[in-house]
Amino acid sequence: YHDNLYEYVYGNGHTNVIESAERASTSAIYDNVFRHLELSPYGDGGVILWFGPVSSGTTDYIFNNVVYDVGAVEYLNMGGTGDTANSGNYTWFNNTFQTNVAQMIPSCGSPVGTVLLTNNHYVDDQNPYESSCSFTETTELWQSNTSAYGGTAKGGYSNANTSPNFNEYNSSEVYAYSPAAATNSTVGAGTNEQSYCAALSAAAASDSTLSDAASACKNPIRDACNYLTSTHSVTCQTPTSALTAAPTVAPRPSSTAWNIGAYQLPAPAATPPTNLTAVPVE
């Protein structure tokens, strides 16, 4: 499930943006943009993303998604959907999640299997994790929407969130909540997870529908999705140097640190030394 734009979704009862009672051993949800959801005064019993695996041995890979401008709603849920009560396993990595109201972002139903959270960027005015869930967090970044708040995420990854960190990312950018400079907090701060891409490649050997996911895993989100009213279609493209005041994006490195979040910018280059002097050698 990839390269989709969902926007202006409002609840009318239990309205879920995506509810999945899966019928595949491996699923991939990536390169999607979800925005302008359940805005005030709306907000109901729905869920933005709700996954229920077909068996306990399945694994979902959810990456390169950007979700922002979200009102009061259950954000992400993992576990039985009512149609399936299997536990399943979930690997969430390199997503960018923002909420307008202080609320939990990843939460878990019952039952739920192994949940890995890696390199996700949360913009939330409270600790984004549900305390009762058993997650394994690696190089997660939590920032608030304002300068007045800083904290430590459940996984222990802290961010002081003092100026200018709090205003590095916003929705008015060409690519919402993307790093605008190679010195921003998400750049070079993540964990290299080529192992996830290798797992998707292995799964693609028996399920050809996953071949694009295996390739997309190694690259930043194909973002900048826009709805064209003239043709009633959605176009998405990979960010390039159009990122405001930013260098050209690059594929995710094969061995060095990845960025946190859905976007990948090169790490800043080393600063050459200055005021050098030459000493002749006899």
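One can find the structure itself at the top, above this paragraph.
If you're wondering where the values come from, they're calculated on a predicted model, not measured in any experiment.

Conventions adopted
Residues numbered from 1 in each chain as written. Predicted model: local features only at pLDDT ≥ 70, side-chain atom pairs only at ≥ 80, totals over all residues. Heavy atoms only, no water. Pairing = 2+ DSSP bridges. Helix = DSSP H or I, 4+ residues; strand = E, 2+ residues; numbered from the N terminus. Axes fitted to C-alpha atoms, helices over the stretch in contact; angles between N-to-C directions. Contact = heavy atoms within 4.5 Å. 1 Å grid on protein atoms, 1.4 Å probe; cavity = no way out; pocket = protein on both sides within 12 Å on 5 of 7 lines; lining within 4 Å. Points joined across faces, edges and corners; volume = space filled by probe spheres on them. Nonpolar A, V, L, I, M, F, W, Y, C, P; charged D, E, K, R; others polar. Disulfide = S-S within 2.5 Å. Core = buried A, V, L, I, M, F, W, Y, C linked by side-chain atoms within 4.5 Å. Buried < 20%, exposed > 50% of the residue type's maximum accessible area, 1.4 Å probe, protein only.

(A) Region of the structure containing the sheet that holds strand 6 (residues 59-63). The strand order across the open sheet formed by five strands is 3-6-9-12-14, and the pairing between neighbours is parallel. Lying at the two open borders of the sheet, with one neighbouring strand each, are strand 3 (26-30) and strand 14 (136-138). Across this sheet, the average inter-strand angle for adjacent strands is 10°, counted without regard to direction. In this structure, strand 12 (residues 115-118) lies alongside strand 14, joined through three bridges in parallel fashion. Following the sheet pairing, L116 is matched in strand 14 by T136. Contacts from helix 1 (residues 194-204) reach strand 3, strand 6, strand 9 (89-93) and strand 12 within the one sheet, and its direction differs from that of strand 6 by about 125°.

(B) Layout of empty space enclosed by the protein. Tallied over the entire structure, the rule returns one cavity of 30 Å³ or more. Counted as a void, the largest cavity has a volume near 40 Å³. Residue composition of the lining of the largest cavity, grouped by class: six nonpolar, one polar and one charged.

(C) Layout of the state of the cysteines. Tallied over the entire structure, the rule returns two disulfides. The disulfide that involves C108 links it to C133, with 2.1 Å between the sulfurs. With the S-S dihedral at roughly -105°, the linkage between C108 and C133 falls on the left-handed side. Taken together, the residues C108 in strand 11 (residues 106-108) and C133 in the loop between strand 13 (121-123) and strand 14 connect sequence positions 25 residues apart. Paired by a disulfide, C197 and C217 hold their sulfur atoms 2.0 Å apart. Taking the sign of the S-S torsion, about -80° here, the bridge from C197 to C217 comes out left-handed. Residue C197 is found in helix 1, and its partner C217 is found in the loop between helix 2 (211-216) and strand 18 (226-228); the two are separated by 20 residues along the sequence.

(D) Summary view of the nonpolar core. Within the largest apolar cluster, 28 residues are counted, with the highest numbers of intra-cluster contacts made by I48 and W92. Within the residue set of this core, elements represented by two or more residues are strand 4 (33-37), strand 5 (47-52), strand 7 (66-70), strand 8 (74-78), strand 9 and strand 12. With near-sequence residues (within four places) excluded, W92 lies in contact with L49, F51, I62, L76, M78, F97, V115, L116, L117, T118 and N120. Residues Y61, A203, L210 and A213 belong to the second largest nonpolar core, which totals 16 residues.

Such coordinate-based values are descriptive only and should not be taken to indicate function.
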